[in-house]
Amino acid sequence: MNRLLVGTQKGLVIYARGEQNWYCEASSFVGLPVTMVYSDPRNGTWWVGIAHKHWGQKLHRSFDQGQNWEEVGVPKYPKGSELRLGKAASLRQIWVMQHGGLDRPYRLFMGTEPGGLFMSENGGDSFHLVESLWNHPSRPEHWFGTGTDYPEIHSIVVDPRDSDHLYVAVSCAGVFESKDGGQNWHPRNEGLVAAYLPNPSVEVGHDPHRLLICASQPEVLWQQNHCGIFRSTNAGQTWDNVTDKNGLADYGFALAVDPNDPLRAWVIPATSDAIRVAPDLALCVCVSEDGGQNWRALREGLPQQHTYDLAFRHALDLRAGTLAFGTNNGNLYISENFGEAWQSVSQQLARVNVVSFA
């Protein structure tokens, strides 16, 4: 873990760890909006998704840590796929990629807007729509967009013990689980709250912002949700509301989970849905070390006055005790001690959409 890939609205910026500090090593796709970055831990391949304003979605990969890039064909919705009756489906944005398991070396998943999950069995040379999820009976009437025009699949989780055990998170719809490699899907939203709907306990219609699993204890899942922070200790069968009782760790987008400690997770709060800036204009990261019963604000090294920052859902990452996050205002911060203290790496980037350790 010597590099940090930062996808911004004006390109990909690659940071490297020096003897004392992180420094900017290289840039790629300068001037283009990078909305997805993924480093495949199985083979070291880097993937970048670009939302080109004129040419639409583009997908690129590098086998040599960004020295060279090749364009790969983006997935296409099959002919006849409809968002709703009479409205054809087409790719609007690539949101996330995830490998399909260590025992499936050529399998990749991709989550997109408008709510399509795609799978590749040939290392990303081509992708096909997972039609079992697309054709789920809840989708036409109960999946919808919020900050985007259409629903998006932004989180894909593969159980490290069983590559056929999958979760996806859809905004807005909720969490869906498959135990047979994506052939069948079931909503897993019991205990969540959809405060914006007439029925807050609806089975489908929830708005998870980020979903992650604890690698060492995969029955533990966390999600930062539009309506708070939720945690499951029974593989998503039910969810507990672990929102901060003091009100600080509540609304937000970004989430990180300790792979070795099922009780520890980090979020970056915003004031509220209506006011998407740092609470009290003082930037902080919140950590819970007891499964969400209590939350503590981490502020050392972060600006505490007149801070209008927001961290998007993929703009926080954790690797081996090092945390990094970027903000909508182009600020990038790194902590080498699980968030207890932060250093500013850059204040000159474009809007940060995603950060990922490689």
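What you are looking at is a predicted structure, and each value in this text was computed from that prediction instead of being measured. (Residues numbered from 1 in each chain as written. Predicted model: local features only at pLDDT ≥ 70, side-chain atom pairs only at ≥ 80, totals over all residues. Heavy atoms only, no water.)

1. Here's the deal with the overall build of the protein chain
- Within the protein chain, the secondary structure is distributed over 2 helices and 30 strands.
- A globule of 358 residues ought to have a C-alpha radius of gyration of about 21 Å, and the protein chain, at 19 Å, matches this closely.
- Here the C-alpha coordinates of the protein chain stretch approximately 50 × 50 × 40 Å along the principal axes.
- Scored against the burial criterion, the 358 residues of the protein chain give a buried share of 58%.
- In the protein chain, once contacts between residues fewer than 6 apart in sequence are set aside, the share between residues at least 24 apart is 48%. (Helix = DSSP H or I, 4+ residues; strand = E, 2+ residues; numbered from the N terminus. Rg over C-alpha atoms; globule rule 2.2 N^0.38 Å. Buried < 20%, exposed > 50% of the residue type's maximum accessible area, 1.4 Å probe, protein only. Contact = heavy atoms within 4.5 Å.)

2. Some thoughts on the nonpolar core
- In terms of nonpolar packing, the biggest core is built from 18 residues, with Met36, Trp47, Leu59, Tyr77, Met97, Met110 and Phe127 touching the most fellow members.
- Taken together, the elements giving at least two residues each to this core come down to strand 4 (34-39), strand 10 (93-99) and strand 11 (108-113).
- Discounting residues that sit within four places of it in the chain, Met36 has contacts with Trp47, Val48, Gly49, Leu59, Ile94, Trp95, Val96, Met97 and Val354. (Core = buried A, V, L, I, M, F, W, Y, C linked by side-chain atoms within 4.5 Å.)

3. Considering the sheet that holds strand 27 (residues 322-326)
- Spatial strand order, 26-27-28-29: 4 strands in an open sheet with antiparallel pairing. A single partner strand is all that each edge strand has here, and the edge strands are strand 26 (316-319) and strand 29 (343-346). Geometrically, the sheet is characterised by an average inter-axis angle of 20° between neighbouring strands, direction not taken into account.
- For strand 28 (residues 332-335) and strand 29, the ladder comprises 3 bridges, and the chain directions are antiparallel. Note that in strand 29 the partner of Leu332 across the bridge is Ser346. (Pairing = 2+ DSSP bridges. Axes fitted to C-alpha atoms, helices over the stretch in contact; angles between N-to-C directions.)

4. Quick notes on the sheet that holds strand 23 (residues 265-269)
- Spatially, 22-23-24-25 is the arrangement adopted by the 4 strands of the open sheet, whose pairing is antiparallel. In this open sheet, the two edge strands, each paired with only one partner strand, are strand 22 (252-257) and strand 25 (296-298). On average, each strand axis in the sheet is inclined to that of its neighbour by 30°, with strand direction left out of account.
- Relative to strand 25, strand 24 (residues 285-288) runs antiparallel, the two sharing 3 bridges. Bridging from a neighbouring strand, Val285 pairs with Leu298 of strand 25.

5. So, the pairing of strand 6 (residues 56-62)
- In terms of burial, strand 6 is a largely internal element, 5 of the 7 residues being buried.
- Of the pairings in the sheet, the one linking strand 5 (residues 46-52) to strand 6 comprises 7 bridges and is antiparallel in character. Looking across to strand 6, one finds that His52 is bridged to Gly56.
- Counting the residues that bridge the hairpin from strand 5 to strand 6 gives 3 residues.

6. Topic: the side chain of Arg313
- Among the secondary structure elements, Arg313 is positioned in the loop between strand 25 and strand 26.
- Only 3.0 Å separates the side chain of Arg313 from the backbone oxygen of His209, close enough to count as a polar contact.
- Not counting the four nearest positions on each side in its chain, Arg313 is found in contact with Trp95, Glu152, His154, Ser171, Pro208, His209, Arg210, Phe253 and Ala254. (Polar contact = N/O pair within 3.5 Å; in protein donor to acceptor, adjacent residues only side chain to side chain.)

7. Examining the pairing of strand 18 (residues 208-213)
- Counting buried positions along strand 18 gives 6 out of 6 residues, so the element sits mostly inside the fold.
- Summarising the sheet, strand 18 and strand 19 (residues 221-225) pair through 5 bridges and their orientation is antiparallel. Bridge pairing in strand 19 places Pro208 opposite Asn225.

8. Here's the deal with the pattern of salt bridges
- Counted under the stated rule, the structure contains 22 salt bridges.
- In this structure, Asp40 engages Arg42 in a salt bridge whose closest nitrogen and oxygen atoms are separated by 2.8 Å.
- Residue classification places Arg42 among the partly exposed positions, given a relative accessible area of 22%.
- Overlapping salt bridges, with partners in common, bring together Asp103, Arg104, Arg107, Glu121 and Asp164 in one network. (Salt bridge = Lys/Arg side-chain N within 4 Å of Asp/Glu carboxyl O.)

9. Focus: unusual backbone geometry
- The step from Ser171 to Cys172 runs through a cis peptide bond, and the omega angle for that step is 0°.
- Take Cys172: it is sitting in the loop between strand 15 (166-171) and strand 16 (174-178).
- Of note, Ala235 is a non-glycine position whose phi angle comes to about 60°, a positive value.
- Structurally, Ala235 is set in the loop between strand 20 (228-232) and strand 21 (240-241).
- Even without a glycine there, the phi angle at Phe338 is positive, about 60°.

10. Brief notes about the packing of aromatic side chains
- This model, assessed by the stated rule, comprises 10 aromatic pairs.
- With a centroid separation of 5.4 Å and an interplanar angle of 45°, the aromatic rings of Trp143 and Phe176 are classed as tilted. Of this pair, Trp143 sits in the loop between helix 2 (139-142) and strand 14 (152-158) while Phe176 is found in strand 16, placing the two residues 33 residues apart along the sequence. Accessibility classification places Trp143 together with Phe176 in one group, the buried group.
- An aromatic cluster of three or more residues is present, and its members are Tyr77, Phe118 and Trp134.
- Between Arg139 and the ring centre of Trp134, over which it is positioned, the NZ or CZ distance is 3.7 Å. (Phe/Tyr/Trp six-rings, centres within 6.5 Å; stacked < 30°, edge-to-face > 60°. Lys NZ or Arg CZ within 6 Å of the ring centre and 35° of its normal.)

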